[in-house]
Amino acid sequence: MGTPLIQVPMIESAFDLLRWLEQRIDIQDIGRVLRSPWFNGHDEERGNRALLEKCLRENYPRQLKLNEVRYRAGEVRKYDSEQRELPPEQQQPQPWNSPVMVSLVSQLDRFRRKHTSRLQPSAWAEAIDGLLAATGWHASAESAGDEGWQIIQAWKDALRGLASLNATSRQLGRNAAIAKLQQICREQVFQARTPPAHIQVLGLYEVNGLRFDHLWVMGLHNDNWPPAAKPNPFIPGQLQIKALLPQSSPQRELNVARAITGRLLQTSPDCVFSYPGQIDGEQVLPSPLLSGESVKPSRQLPGWAGDDWQARIHSAGPPGQDPLLMPGPPAVGTARGGSSILKHQALCPFRAFAVNRLGAKGLETPVDGISPALHGSLVHRVLENFWRQTRTQQALISLDREELQRRIRSHVTRVVEDERSLMDRPEFREVESNRLQRLVGVQLELEKERQPYEVIGFERELLQEIEGQQIRLIIDRIDQLSSGEEVIIDYKTGKVQPGKWFGDRPDDPQLPLYAIASDREPAAVVFSVIRDDECVYKGVTAAAGILPGLPPRQGSNASLLRAAGENMPETIGHWREVLHRLMADFLQGDARIDPKDGSRTCASSYCDLQAFCRIHELESSL
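Throughout what follows, the structure given in this document is the object of discussion. (Residues numbered from 1 in each chain as written. Predicted model: local features only at pLDDT ≥ 70, side-chain atom pairs only at ≥ 80, totals over all residues. Heavy atoms only, no water.)

### Structural notes on the packing of aromatic side chains
What counts is decided by this rule: Any Phe, Tyr or Trp ring, taking Trp's six-membered ring, that has another such ring centre within 6.5 Å forms a pair; planes under 30 degrees apart are called stacked, those over 60 apart edge-to-face, and the others tilted. Think of it in three bands: with a 1.4 Å probe and only protein chains considered, a residue is buried below 20% of the maximum accessible area for its type, exposed above 50%, and partly exposed in between. A run of H or I in DSSP counts as a helix once it spans at least four residues, and a run of E counts as a strand once it spans at least two, with each numbered from the N terminus. Throughout this description, the term charge over a ring refers to an Arg CZ or Lys NZ atom that lies within 6 Å of the ring centre and within 35 degrees of the ring normal.
Counting across every chain of the model gives nine aromatic pairs. Measuring from ring centre to ring centre gives 5.4 Å for Phe 386 and Trp 387, while their planes differ by 90 degrees; the resulting arrangement is edge-to-face. Comparing Phe 386 with Trp 387, the two get one shared label, buried. Summarising the aromatic geometry, the rings of Trp 501 and Trp 575 are spaced 6.0 Å apart at their centres and angled 75 degrees between planes, so their arrangement reads as edge-to-face. Residue Trp 501 is located in the loop between β13 (486-492) and α19 (510-517), and its partner Trp 575 is located in helix α21 (residues 568-587); the two are separated by 74 residues in the primary sequence. In this pair, the class of Trp 501 matches that of Trp 575, namely buried. Taken together, the ring pairs in this structure connect Trp 501, Phe 502, Phe 527 and Trp 575 into an aromatic cluster. Directly above the ring of Tyr 71 sits Arg 420, whose terminal nitrogen or CZ lies 3.5 Å from the centroid. Across the ring face of Tyr 453, the terminal group of Arg 450 is positioned such that the distance to the ring centre comes to 3.8 Å.

What follows is the structure, encoded as structure tokens:
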């Protein structure tokens, strides 16, 4: 009985840390170490390390290098939102800054650089133990009390097992030595010594030498006691019988069973032997060893004299039912997010409450390649830099094909090289650079087909107050037409459906919110969709010809979008009414579990709160 040593949490955390010595570290191993209580700085940096894991999951692929963990753990904010360097006195550590973790990572890096050659197993045992001691693992384990001390002793036994391989193994590399140690811990069973318990569950052969006030022995039926003989097929039968080897013959097993049965009767003054009445639907008989004079058969055994659980439930009163009250208005400053408040309130009021008031959010699951979020961010930055330099459609048209491609390539190169998550992945960097070059080139060809315009706004920040709640908005781009009218553009690399901007619960009210926040009534509110399968404009325009392909002439929502553009003031007024109502519901504490289209809304909007709201249980009970 017991647990393999490698499954003990303290030992698991030690091997999680040792995996940080590899060239690339999986984000799961990183997260377990950052959450582990067994290393230096956990108590004082617990919150920072949680934010550090969140930062790594959101900005890096599934595997990353040790130096990236160290950089992020010691990161200081040096630039403002416009990428201008801040004065030294205004530079502050990022929320995930963890200086003790930086020191721990530096120790790992020095260990990895120092131990690159092959060593004897005993040398590896000493080096690994020294590394863990330097990270505070020993001290944390020993401070865990008696069980922690026992785990340390078991760990030392495993290290001695690794050192004993000197006699049979050649020198080992670092990864091979750690693998050997893992195998030893996997085969070594650990069971912590605990104080005596009033009730113990033991194997039949563990009772030897013990005494009890009461003893109950189970499973003594005729097919099980005495046990059947199982002679070793690789040793001659006569030799096994002569040497009385275990399980060598039925007679030997019968004699052992008789001796144990007699010993059990002497172990306790109150001893009960029992057997099952049926096994797999077939009747079974008691063991023949229970038929002696010292064993008295009985079918009436003392049991619980009180009410059973069914009677207790029947005699209990009806369950109390209190009305489920909504949480009420939020305190000052408790709402989080900008347009996401209205988006979540429209999709599901509980989601807005959980995310924008409680701050509940699932951890990102990184991917091996380029994530959709990272790809979208790179497209945004390339286009922003391009238009900051180019400014007008006339300047774009004046560029010949070669000059245009060179300008795009320069911005792509700059953006990709500045992206830290791609620095150590040259193959991915090259593939993404070529993809950005192609997509941006196609999008700019579409820009040439528009009416003359000038780009006057880049990542413009607006503060809009709705029902007393201030919302911070970032508009990707604002163009000014030759007529003086403005066009609001939001870049999208995913799929969008402007037809869902309407109704009492619009799916994605981001652009309608931009429209009502604008100082002037826009001539168009559109997505610039930039995808491998299409580069188009989608949205609402006040007149034909402002943007190619708009207003749409076909499609399921074409008539709705045309009508909305033709009556732009009325459309914006409708959006204002709907968004103010959604904000009022949010501020009043409406937190109903009410997805717009049931659990399908959860899946289509990538909601990760189902375990929190238990929508599936709610739907199954209806």
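### Focus: the nonpolar core
Selection criterion: By nonpolar core is meant a set of buried Ala, Val, Leu, Ile, Met, Phe, Trp, Tyr and Cys residues that side-chain atoms within 4.5 Å join together. Residues count as neighbours in contact if any of their non-hydrogen atoms are within 4.5 Å of one another.
With 55 residues, the main nonpolar core has Trp 20, Trp 137 and Trp 155 as its most contacted residues. By residue number, the principal contributor to this core is helix α8 (residues 146-163), which donates seven residues. When sequence neighbours within four positions are dropped, the list of residues in contact with Trp 20 reads Ile 25, Asp 29, Ile 30, Val 33, Leu 34, Leu 66, Val 69, Met 101, Val 105, Leu 108 and Arg 112.

### Side note on the sheet that holds strand β11 (residues 453-466)
Rule in force here: At least two DSSP bridges between two strands are needed for those strands to be called paired. Between N-to-C directions, angles span 0 to 180 degrees; the directions come from axes that are lines fitted to C-alpha atoms, helices contributing only their stretch in contact.
Here five strands make up an open sheet; going across it, the order is β11-β12-β13-β14-β15 and the pairing mixed. What marks the edges here is a single partner per strand, and that holds for β11 and β15 (535-541). Taken pair by pair, the neighbouring strands of this sheet meet at an average axis angle of 35 degrees, ignoring direction. Pairing between β13 and strand β14 (residues 524-530): six bridges, direction parallel. Pairing of Val 487 across the sheet is with Ala 524, part of β14. Packing against the sheet, α21 makes contact with β11, β12 (469-481), β14 and β15, and its axis sits at approximately 40 degrees to β11.

### So, the packing of helix α13 (residues 339-347) against α21
Packed helix pairs are specified by the crossing angle of their axes together with the interaxial distance, meaning the distance between the axes. Quick reminder of the rule: Note on angle classes: values under 35 degrees are labelled roughly parallel, values over 145 roughly antiparallel, values of 65 to 115 roughly perpendicular, and the remainder oblique. Residues are grouped as follows: nonpolar covers Ala, Val, Leu, Ile, Met, Phe, Trp, Tyr, Cys and Pro; charged covers Asp, Glu, Lys and Arg; every other residue, Gly included, is treated as polar.
Two elements in contact, α13 and α21, have axes whose closest approach is 9 Å; the angle formed by their N-to-C orientations is 80 degrees. Considering the angle they form, α13 stands roughly perpendicular to α21. Of the residues in α21, those touching α13 at Ile 341, Leu 342, Gln 345 and Ala 346 are Leu 579, Leu 582, Met 583, Asp 585 and Phe 586. Taken together, the residues of the contact of α13 with α21 sort by class into seven nonpolar, one polar and one charged.

### Examining the packing of helix α1 (residues 9-18) against helix α9 (residues 174-187)
For clarity, the threshold we go by: By convention, the crossing between two helices is left-handed when the near helix turns anticlockwise from the far helix through less than a right angle, and right-handed when the turn is clockwise.
Running from N to C, α1 and α9 point in directions that differ by 165 degrees, and their axes come no closer than 12 Å. One element, α1, and the other, α9, form an angle in the roughly antiparallel class. Seen from above, α1 lies across α9 with left-handed handedness. Listed contacts from α9 to Ile 11, Phe 15 and Leu 18 of α1 are Ile 178, Leu 181, Gln 182 and Cys 185. Across the contact of α1 with α9, the residue classes tally to six nonpolar, one polar and no charged.

### Observations concerning unusual backbone geometry
At the junction of Trp 225 and Pro 226, the peptide bond is cis and its omega measures out at 5 degrees in the coordinates. Structurally, the position occupied by Pro 226 is in the loop between β7 (215-217) and α10 (237-243). Residue Pro 551 is reached from Leu 550 by a cis peptide bond, and omega for that bond is -5 degrees. Along the polypeptide, Pro 551 turns up in the loop between β15 and α20 (558-566). The backbone of Arg 391 shows a phi angle near 75 degrees, a positive value even though the residue is not glycine. As for its placement among the helices and strands, Arg 391 is situated in the loop between α15 (372-390) and α16 (393-398).

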